[in-house]
Amino acid sequence: MATKEQKTQVGDTAPEIELLTDDGTPFKLSSLRGKEVILYFYPKADTPGCTTESCQFRDESPKITKKNVVIVGVSPDTPAAQAKFKVKFSLSFTLLADADHAAAEAYGVWKEKSMY
């Protein structure tokens, strides 16, 4: 299991995530146990880089889900902001609200912005 100081490595047990989805329902990563999951983190919905990344997952999702892989996006946005982002860009997968960065920190991907 990874700590805050180290990133999760291939082969590690995935840290549990318990967050709200874009529609406000509770979500536990362990509910997907036994499935392959693409879990991606982004800093803010509806910003240029994050939109590009999410739309790439959207565009590739038919190929990905055909292989029984589940896509889940995570950012510090609220469920309402995630829902708006999902609708605006026709994202077909679950987005999670990680307002306190707990999930990002558990995976070692949360960093304070150092510029601007």
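Quick note: structure is the one above.
Attention here is on the structure that accompanies the text. Keep in mind it's a predicted model, so treat the numbers as computed, not measured.

1. Some points on the side chain of Thr51
- Turning to its location among the elements, Thr51 is positioned in helix 1 (residues 48-66).
- Residues in contact with Thr51, not counting those within four places in the same chain, are Asp46, Phe85 and Phe89.

2. Focus: the layout of surface pockets
- By volume, the largest pocket is sized at about 290 Å³.
- Around the largest pocket, the lining is made up of 14 residues, and of these Thr13, Ala14, Leu29, Arg33 and Tyr107 lie nearest the centre.
- Tallied by class, residues from the lining of the largest pocket come to 7 nonpolar, 3 polar and 4 charged.
- Residue lining of the second largest pocket: 13 residues in total, with Tyr42, Pro43, Pro76, Trp110 and Lys111 positioned closest to the centre.
- Its residues placed into classes, the lining of the second largest pocket shows 8 nonpolar, 2 polar and 3 charged.

3. A word on the nonpolar core
- Core analysis: the largest hydrophobic core is formed by 14 residues, its most contacted members being Tyr40, Tyr42, Phe85, Phe93 and Leu95.
- Of all the secondary-structure elements, those providing two or more residues to this core are helix 1 and strand 4 (69-75).
- Excluding anything up to four places from it in sequence, Phe85 contacts Tyr42, Ala45, Asp46, Cys50, Thr51, Ser54, Leu91 and Leu95.
- In terms of nonpolar packing, the next biggest core, distinct from the first, is built from 10 residues, Leu32, Val74, Ala103 and Tyr107 among them.

4. Here's the deal with the environment of Thr47
- Among the secondary structure elements, Thr47 is positioned in the loop between strand 3 (36-41) and helix 1.
- Between the alpha carbons of Thr47 and Phe85 there is a distance of 9.8 Å; along the sequence they are 38 residues apart.
- A polar contact is formed between the side chain of Thr47 and the backbone oxygen of Lys44, at a distance of 2.8 Å.

The rules behind the values
- Residues numbered from 1 in each chain as written.
- Predicted model: local features only at pLDDT ≥ 70, side-chain atom pairs only at ≥ 80, totals over all residues.
- Heavy atoms only, no water.
- Helix = DSSP H or I, 4+ residues; strand = E, 2+ residues; numbered from the N terminus.
- Contact = heavy atoms within 4.5 Å.
- 1 Å grid on protein atoms, 1.4 Å probe; cavity = no way out; pocket = protein on both sides within 12 Å on 5 of 7 lines; lining within 4 Å.
- Points joined across faces, edges and corners; volume = space filled by probe spheres on them.
- Nonpolar A, V, L, I, M, F, W, Y, C, P; charged D, E, K, R; others polar.
- Core = buried A, V, L, I, M, F, W, Y, C linked by side-chain atoms within 4.5 Å.
- Buried < 20%, exposed > 50% of the residue type's maximum accessible area, 1.4 Å probe, protein only.
- Polar contact = N/O pair within 3.5 Å; in protein donor to acceptor, adjacent residues only side chain to side chain.

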